[in-house]
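# Observations on the model geometry
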Amino acid sequence: MKNICLIISYDGTDYSGWQKQQNALAIQEVIENALSEVTGEEIVLKAAGRTDAGVHALAQVANFKTNSTIPPEKFLYPLNNILPGDIRIEKSFEVTDDFSARFSALLKHYRYSVYVGEVLPATMKRFFSLYSYDIDMDKISDAAKVLVGTHDFKAFEGPYAQMPTSVRNVTDIIIKYENNILTFDIYGEAFLKNMVRIMVGTILKANEGRITPTEIEELFESKDRTKAGVTMPPEGLTMVEIKYDWEKFRI
């Protein structure tokens, strides 16, 4: 039995997120159905992260076990013939049996994209959120610095979370603002439900002068979700890259 890794891009607008659900269409279900059609097997696909409804990916990583005789590097061709155009398999290859898209990940990179203005251009509707305040990069940078490091991010966790701990390590936040586009590139070992979107909402709350860096730091102790920023809309969020030790796992 082979362990096959897929690199997947998708526009998450029309899906309920990555994870299969009973009463909504999820990206995992669509790809698993395509894999079953191609292999004739019942396939279980395990991903690096469970993106929420409306969230996108440039390089989601997932793996599955199969007895199929299809060459590992050729899976993308029959799959892309079956899958809808808003889900694409970018690469397929064989990995060692102990590789796990989720548990072997070393670092995750998410990007949140904001259009700053009064009206969101129609062509940006699916991939940006709208923000209509003046930008103070000093305030934004000072707020972001507080969020870097290992902290208890319970105040930045969405509802109905099931993780045993809310301690996470954010390794870097890089923010750029040019031509009305504000982007947050956020790197970390792992993230809680809605954590990136709440972090961005909190940084923008600081931009508006409604929370200080000191008050953000106090959230790690208080764990008070009501004092952090809003959960930003899902359409602005994209999973950009997951880093692995490919020399160890790729065959």
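Calculation rules
- Residues numbered from 1 in each chain as written.
- Predicted model: local features only at pLDDT ≥ 70, side-chain atom pairs only at ≥ 80, totals over all residues.
- Heavy atoms only, no water.
- Buried < 20%, exposed > 50% of the residue type's maximum accessible area, 1.4 Å probe, protein only.
- Helix = DSSP H or I, 4+ residues; strand = E, 2+ residues; numbered from the N terminus.
- Pairing = 2+ DSSP bridges.
- Axes fitted to C-alpha atoms, helices over the stretch in contact; angles between N-to-C directions.
- Parallel < 35°, antiparallel > 145°, perpendicular 65-115°, else oblique.
- Left-handed = near helix turned anticlockwise from the far one by under 90°.
- Contact = heavy atoms within 4.5 Å.
- UniProt positions renumbered as here; feature names shortened; annotations may be inferred.
- Salt bridge = Lys/Arg side-chain N within 4 Å of Asp/Glu carboxyl O.
- Expected span 1.5 Å × (residues − 1).
- Domains from an automatic or database assignment.
- Buried area = accessible area lost by both parts, 1.4 Å probe.
- Polar contact = N/O pair within 3.5 Å; in protein donor to acceptor, adjacent residues only side chain to side chain.
- Nonpolar A, V, L, I, M, F, W, Y, C, P; charged D, E, K, R; others polar.

### Brief notes about the pairing of strand β9 (residues 181–188)
The buried fraction of β9 is high, at seven of eight residues. Here strand β8 (residues 167–178) pairs with β9 via eight bridges, running antiparallel. Bridge pairing in β9 places Ile173 opposite Ile186. Linking β8 to β9, which pair antiparallel, is a turn of two residues; within it Asn179 sits at a positive phi near 50 degrees.

### Looking at the packing of helix α3 (residues 137–147) against helix α5 (residues 213–222)
Contact geometry of α3 with α5 gives a least axis separation of 9 Å together with a crossing angle of 20 degrees. Classified by the interaxial angle, the pair formed by α3 and α5 is roughly parallel. α5 is crossed by α3, and the crossing has right-handed handedness. On α5, the residues touching Asp142, Ala143, Val146 and Leu147 of α3 are Pro213, Ile216, Glu217 and Phe220.

### Here we look at the UniProt feature "binding site: substrate" (unreviewed entry) in the protein chain
The UniProt record annotates "binding site: substrate" (unreviewed entry) at Tyr110. Looking at the element boundaries, Tyr110 is found in strand β5 (residues 107–116). Classification of Tyr110 as buried rests on a relative accessible area of 9%. Setting aside its immediate chain neighbours within four residues, Tyr110 contacts Phe184, Asp185, Ile186, Phe191, Val196, Leu237, Thr238, Met239 and Val240.

### Some thoughts on the pattern of salt bridges
For the structure on display, the rule yields 11 salt bridges. Here Arg210 ties to Glu208 by a salt bridge, and the two come within 2.9 Å at their closest N and O atoms. Among the residues examined, Glu208 registers a relative accessible area of 24% and is labelled partly exposed. For Glu241, the salt bridge identified is with Lys243, shortest N-O distance 3.4 Å. Classification of Glu241 as partly exposed rests on a relative accessible area of 32%. Here the residues in one salt-bridge network are Asp11, Asp14 and Arg126, joined through shared partners.

### Description of unusual backbone geometry
Glycine aside, residues mostly have negative phi, and peptide bonds are mostly found in the trans state. One non-glycine residue, Asn179, adopts positive backbone phi at about 50 degrees. Topologically, Asn179 is positioned in the loop between β8 and β9. Asn179 sits in the exposed class, given a relative accessible area of 65%. Residues other than glycine seldom take positive phi values, yet Lys223 does so here, at roughly 60 degrees. You can see Lys223 is positioned in the loop between α5 and β10 (237–243).

### Overview of helix α4 (residues 195–207)
The end-to-end C-alpha separation of α4 is 18 Å, in line with the 18 Å expected for 13 residues at 1.5 Å each. Within α4, 13 of the 13 residues are buried, which leaves it mostly tucked inside the rest of the structure. Two residues or fewer past α4, Gly209 is found with a positive phi of approximately 80 degrees.

### Here we look at the domain arrangement of the protein chain
Partitioning the protein chain into domains gives domain 1 (2–103) and domain 2 (106–240). A C-alpha centroid distance of 27 Å is found between domain 1 and domain 2. Contact with domain 1, which involves 16 residues of that partner, is made by 13 residues of domain 2. Buried surface at the junction of domain 1 and domain 2, summed over both partners, amounts to about 1,200 Å²; 53% is from carbon and sulfur atoms. The interface formed by domain 1 and domain 2 holds four salt bridges in total. A salt bridge links Arg126 to Asp11; the shortest N-O distance between them is 2.8 Å. For the pair domain 1 and domain 2, the interface holds 10 residue pairs in polar contact (both at pLDDT 80 or more). Classifying every residue of the side of domain 1 that touches domain 2 gives six nonpolar, six polar and four charged.

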